[in-house]
Amino acid sequence: MGYEIDILAVGEKSNSGDAIALRYGNLHGNREEQTVVIIDGGYKDDGLKLVEHVKKYYLTEKVDLVISTHPDQDHINGLSKVIEELQVSELWIHQAWEHNEGLSSKFRDGRITDNSIGERLKDNLESAYNLVEQAKAKNIIINEPFTGRAAGSIKVLGPSKEYYEELLVQFDGMPATKSVTDTSSVLGFFESAMNKAVKTMKRLFAIWGEDQLDNEDTTSAKNNSSVITQIIVDGKRLLFTGDAGITALDNAANEIDACTSGASLKFIQIPHHGSKRNVGPDVLNRIIGKPVANGETRPISAIASSAKEGEPKHPHPAVMNAFKHRGISGARATQGLGIRHSLDAPNRPDWNSLSQQPYQYHYDVEA
C-alpha cells in the first residue's frame, strides 16, 4: 500500500492555518481500494481549495472521514464547504457543549448552571456547533475523537475524554474558575499585551544539537484539546498533531509507547504551525528520538503548515532546528506553498520537488 499527504498552503500573509488532504491504500487502483481523509479545513476560503484538490488529484468526490482537530477558525471554518460539496461518510469532531455536566461547580460564580455553560459553549464554539448541525442534516455519521477511537488504520492518540473535560473550563470565554490561577486568562492577557507592544528583534546563534526550547507547556487549553491522530500504512506511522502542546503530545507519546504494531515513524506534522510554545526537547525525544550527530539522518519527514509571511513565529527557527537535530534533515514549512509527502503514489507532473531548507545557525526573533 501507498499513501500521499497534501498539506495545502493556508495564509497569504502572517495568519497560518491547517488544511490537509490525504489518502492511502492501492493508489494505482480503484477508489474502492483507497481511504480518503481530510484533517482540518483552514479558513473559509480554504475549504473550496480542499474540495477542488480532492476532485483533481484523488479523482473522487467521496471522503471517508473528516477530522476537525479543534474549533479555531484557521482549522475549522473551511470544513463547512467540504461537508457541503463532497460526499462525506463520517465526521470526527468534539462537541464541547455535550460535556457540561458538573462543570458549573468549577466556576466562582454560584449562579452559573450546567445548562448555561452548555449554551455558552455552543455560542463560543459556534463554528463547531454549526458544522455538527450541517453534518446531521446530511445524515453524516458523527463521532467524538477521544483516545482509542479507531477506524481501520486510523487511530486517535489524544485527547482522552477526561483530559478534554479538564481543558474545557480553560477555553476562551469561560467564566473565572475557583482555581488560584486561571491559566487561559493569564495567557490571553500576555498574548494581548505582546501583540500591542512595539516589536523589536534580536539575533540568536545556534549550536548543532542544542535545542533552544524548554519543556514548559504554554499553549492554550483549546490548542491542547487538538485531536492527535496516527495512521499506520504498511508498518509506517503517520502522525498528525493539530495545534497540540507539550502536555497533549506527551499523553500521545504514552499511546505510541503502548502500541504493539511495531510501526516506525515516517511522517509527523509539526504542531501549531511550528510555534515555539508547543514542543520541547523531552517530548521530541520521546516521539522522534534524541539529537544525532550533524550529518546523521532518520528516514522521517516533518512539515509545518505556516503562512507565507509567518516567520519567525510560524515557524519558529528554534523549532525547525530541533527537528533537524533529531535527524529530520528535510523538516520544512509550507510558507505559502502546498507540500506533498508520498510513498508509492502516482506521479504529479504539475508538482515539483522542493529544495531542502538549511539549518539556521543564526536567526532573528522577537525580543
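The structure this text deals with has already been given above.
Predicted, not measured: the structure shown is a model, and the values here were computed from it. (Residues numbered from 1 in each chain as written. Predicted model: local features only at pLDDT ≥ 70, side-chain atom pairs only at ≥ 80, totals over all residues. Heavy atoms only, no water.)

A cis amide bond links E311 with the next residue in sequence, P312, at an omega value of 0°. Along the polypeptide, P312 turns up in the loop between β15 (301–304) and α11 (317–325). A cis geometry characterises the amide bond from H314 onward to P315, with omega recorded as 0°. Relative to the helices and strands, P315 resides in the loop between β15 and α11. (Helix = DSSP H or I, 4+ residues; strand = E, 2+ residues; numbered from the N terminus.)

This part is about empty space enclosed by the protein. All told, the structure shown has 2 cavities of 30 Å³ or more when counted by the stated rule. There is about 60 Å³ of room inside the largest cavity. S68, T69, H70, P71, I93, H94, A96, L125, A128, Y164 and F171 are the residues that line the largest cavity. A breakdown of the residues in the lining of the largest cavity according to their chemical character gives 7 nonpolar, 4 polar and no charged. Take the lining of the second largest cavity: its biggest share by element is 3 residues, from helix α10 (residues 281–287). (1 Å grid on protein atoms, 1.4 Å probe; cavity = no way out; pocket = protein on both sides within 12 Å on 5 of 7 lines; lining within 4 Å. Points joined across faces, edges and corners; volume = space filled by probe spheres on them. Nonpolar A, V, L, I, M, F, W, Y, C, P; charged D, E, K, R; others polar.)

This brings us to the packing of aromatic side chains. Counting across every chain of the model gives 7 aromatic pairs. Look at Y57 and W351: their rings are 5.7 Å apart centre to centre, the planes differ by 85°, and that puts the pair in the edge-to-face class. Note that Y57 is positioned in helix α1 (residues 44–57) and W351 in the loop between β17 (339–343) and β18 (362–366), a separation of 294 residues in sequence. Measuring from centroid to centroid gives 4.9 Å for W208 and Y359, while their planes differ by 50°, and the two rings are tilted. Here the residue W208 occupies a position in the loop between β11 (201–205) and α8 (221–224), and Y359 occupies one in the loop between β17 and β18, the gap between them amounting to 151 residues. Classification of Y359 by relative accessible area gives buried; the value is 14%. Each member of the aromatic cluster is reached from another via a ring pair, and the members are F146, Y164 and F171. Directly above the ring of Y57 sits R348, whose terminal nitrogen or CZ lies 4.3 Å from the centroid. In this structure, R348 is placed above the aromatic ring of W351, and the distance from its NZ or CZ to the ring centre is 4.7 Å. (Phe/Tyr/Trp six-rings, centres within 6.5 Å; stacked < 30°, edge-to-face > 60°. Buried < 20%, exposed > 50% of the residue type's maximum accessible area, 1.4 Å probe, protein only. Lys NZ or Arg CZ within 6 Å of the ring centre and 35° of its normal.)

Right, let's get into the nonpolar core. In this structure, I38, V82, I287 and F323 are the most contacted members of the largest nonpolar core, which totals 76 residues. Ignoring anything within four residues of it in the chain, the contact list for V82 reads I38, G47, L50, V51, V66 and V88. Formed by 21 residues, the second largest nonpolar core is a distinct cluster that contains Y24, W92, V227 and F267. (Core = buried A, V, L, I, M, F, W, Y, C linked by side-chain atoms within 4.5 Å. Contact = heavy atoms within 4.5 Å.)

Strand order across the open sheet formed by 7 strands is β9-β10-β12-β13-β14-β15-β16, with mixed pairing between neighbours. Looking along the sheet, the strands with just one partner apiece sit at the ends: β9 (150–151) and β16 (332–333). As paired strands, β15 and β16 are joined by 2 bridges and run parallel to one another. Within the sheet, the bridge partner assigned to I303 lies in β16 and is R332. (Pairing = 2+ DSSP bridges.)

In space, the 7 strands of this open sheet follow the order β8-β7-β5-β3-β2-β1-β17, with mixed pairing throughout. The outermost strands of the open sheet, each flanked by one partner alone, are β8 (141–143) and β17. Mean inter-strand twist for the sheet, computed between neighbouring axes without regard to direction, equals 15°. Of the pairings in the sheet, the one linking strand β7 (residues 90–92) to β8 comprises 3 bridges and is parallel in character. Note that in β8 the partner of E90 across the bridge is I141. (Axes fitted to C-alpha atoms, helices over the stretch in contact; angles between N-to-C directions.)

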